[in-house]
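Each chain, written out:
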Amino acid sequence: SPLRPDLVREVHKNMSKNTRQAYAVKQKAGYDTAAESWGTGRAVARIPRAPGGGTHRAGQATFGNQARGGGMYNPTTVWRRWHRRVNVTQKRHAVATALAASALPPLVMARGHRIGEVAELPLVVSDGLESVTKTKEAVEALNKLGCGQDLQKVLDSKKIRAGQGKARNRRYRMRCGPLIIYNEDNGITRAMRNIPGVEATCVDNLNLLRLAPGGHFGRFLIFTEGAFKKLTEIYGTSAEAAPLKKGYHMPRAAMENADLARIINSTEVQSVLKPKLEAPKTHEPKRNALKNKEVMDSLNPGALKRKAALQKSSEKGTTEFKEVQDKKKARQAESKEHNKKHKKGDETFYKTLMKAFEAKAAEAAAKKSEEGAEEEEE
């Protein structure tokens, strides 16, 4: 049978809902009082209030889901859709898949079972195990089969349950151990029922909830010889229908060869494929060097270094800042020296400039004085 973890999860999810019991709050919870609103004008909210006097309860808000002792919002009801119908063929397919997965050591180990000392999978023992009636004998038989590590794992995993379940008759929880599948019960169920983690079930009544606890297939199964032979009669083979289930055929794999990479890369497939298309030529978008630092550095080598040096020159404590200050001091000293040497006395720029104005002013004054003297003579 092909491995269908999706089918196992879906069937397990729906089947596990069929053991739920209905629960709901009392229909009158929060409303079992003769409360009425006080109306407006009394400076209180208009929510209904408990009647009476002389007690703390009198005048307290009721009915509302925000009030203490009031009704809950959207109260639970017993007529919820608790159970789910599961297609019979889907249940049979899921059981067949779970049985097939239990024969693969990687899947069994991935589920957490310790099978390092087990001789082979699937583990089939003689029908003599069905006649064991004592628990001590059953434990010895399981240890001889190599199940000792798995049984010890179950014992070590016993923990107190989290939540309120610890106060509701299910205080402890532990891992699952091996599942014994027998053909006839000659005392095996009585012998196995007190071993922690070990369960026994008849091959005629295989249940997915036991074959794949939690919806994860790969449980460690131990078959008796008669039970293992009867599987063919119950579920049939890939070529024949099941004799004991009318019209049932084993699920068929979607691919006979699941090595998809090998199929794609085979010469038969590659010879009829079209040649690989070449991607169209693309051109890089034009980037602005004034906005993109990398482009500016490629067009103007050293631009980033110069920019970084310019930034450092304004940061105190850096060598670049010290160099800039030294140059500034040298420039100022050189300017002072030049001014002292070439710009002193009457040789300054301002005085040289003002001499031209003084000469013109003197000529204008002389001309004006001459005109005034001529007027006096007349």
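Each remark here, short or long, concerns the structure printed above.
Below you will find a few notes about this structure. Sequence positions are assigned chain by chain, starting from 1 and proceeding in written order. Since the coordinates come from a predicted model, pLDDT governs what is reported: local features require at least 70, and pairs of side-chain atoms require 80 or more to be given and counted, while whole-chain, interface and lining totals use all residues. Working from all heavy atoms in the structure, the side-chain values ignore hydrogens and water.

**Regarding the overall build of the protein**
For clarity, the threshold we go by: Labels follow the DSSP assignment, with helices taken as runs of H or I lasting at least four residues and strands as runs of E lasting at least two, numbered in each case from the N terminus. Our radius of gyration looks at C-alpha atoms and nothing else; its globule reference is 2.2 Å times the residue count to the power 0.38. For the exposure calls, accessible area comes from a 1.4 Å probe over protein chains only, and a residue counts as buried if that area is under 20% of its type's maximum, exposed if over 50%, partly exposed in between. Between two residues, a contact is recorded if the distance between any of their heavy atoms is within 4.5 Å. His is not counted here, nor are the chain ends, while Lys and Arg score as positive and Asp and Glu score as negative. Where a charge lies is defined by one atom per residue type, namely NZ (Lys), CZ (Arg), CG (Asp) and CD (Glu).
Along the backbone of the protein there are 14 helices and 6 strands. Whereas a compact globule of 378 residues would reach a radius of gyration of roughly 21 Å, the protein reaches 49 Å, over 25% beyond that. Principal axes of the C-alpha set define a box for the protein whose edges measure 165 × 90 × 45 Å. Burial status across the protein gives 25% buried among its 378 residues. At a minimum sequence separation of 6, the contacts of the protein that also span at least 24 residues come to 58%. One finds the centroid of the 70 positive side-chain charges in the protein at a distance of 16 Å from the centroid of its 43 negative side-chain charges.

**A short note on the packing of aromatic side chains**
The criterion, for reference: Aromatic rings from Phe, Tyr and Trp, with only the six-membered ring used for Trp, were paired whenever their centres fell within 6.5 Å, and each pair was classed as stacked if the ring planes differed by under 30 degrees, edge-to-face if by over 60, and tilted otherwise. Look at NZ for Lys and CZ for Arg. If either is within 6 Å of the ring centre and within 35 degrees of the ring normal, a charge sits over the ring.
By the definition in use, this model includes 4 aromatic pairs. Ring centres of Tyr235 and Tyr248 lie 6.4 Å apart, and the angle between their planes is 75°; this geometry places the pair in the edge-to-face category. One end of the pair, Tyr235, is in helix H8 (residues 225-235); the other, Tyr248, is in the loop between H8 and helix H9 (260-264), with 13 residues separating them in the sequence. Sitting over the ring of Tyr235, Lys245 keeps its end group 5.4 Å from the ring centre.

**Overview of the pairing of strand E6 (residues 221-224)**
We count it as follows: One requirement defines pairing of two strands: DSSP has to find at least two bridges between them.
The alternating pattern of E6 places Leu221 and Phe223 on one face and Ile222 and Thr224 on the opposite face, and all of these are buried. Of the strand pairs in this sheet, strand E1 (residues 123-125) and E6 are connected by 3 bridges, and their pairing is parallel. Bridging across to E6, Leu123 finds its partner in Ile222.

**Quick notes on the side chain of Ser102**
Take Ser102: it is sitting in the loop between helix H2 (88-101) and helix H3 (105-110). Beyond its immediate stretch of four places on either side in the chain, Ser102 contacts Val108, Leu121, Gly218, Arg219 and Leu221.

**Remarks on the sheet that holds strand E5 (residues 199-202)**
Note the cut-off: Axis definition: a line fitted to C-alpha atoms, limited for helices to the stretch in contact. Angles are taken between N-to-C directions and run from 0 to 180 degrees.
Across the sheet, 4 strands lie side by side as E1-E6-E4-E5; this open sheet has parallel pairing. Whereas interior strands pair on both sides, the edge strands pair on one side only; in this sheet they are E1 and E5. Each neighbouring strand pair of the sheet contributes to a mean axis angle of 25°, computed without reference to strand direction. Where strand E4 (residues 179-182) lies against E6, 3 bridges are found, and the strand directions are parallel. Looking across to E6, one finds that Ile180 is bridged to Ile222.

**What about the nonpolar core?**
This is how the line gets drawn: We call a set of buried residues a nonpolar core when its members are Ala, Val, Leu, Ile, Met, Phe, Trp, Tyr or Cys and they connect through side-chain atoms within 4.5 Å of each other.
Leu99, Ile181, Leu206, Leu208, Leu211 and Tyr235 are the most contacted members of the largest nonpolar core, which has 27 residues in total. Tallying contributions element by element places H2 first for this core, with 6 residues. In this structure, Ile115, Leu142, Ala191 and Met192 belong to the second largest nonpolar core, which totals 23 residues.

**What to know about the pairing of E4**
The side-chain alternation of E4 yields two buried faces, one formed by Leu179 and Ile181 and the other by Ile180 and Tyr182. For E4 and E5, the ladder comprises 4 bridges, and the chain directions are parallel. Across the sheet, Leu179 pairs through a bridge with Glu199, a residue of E5.

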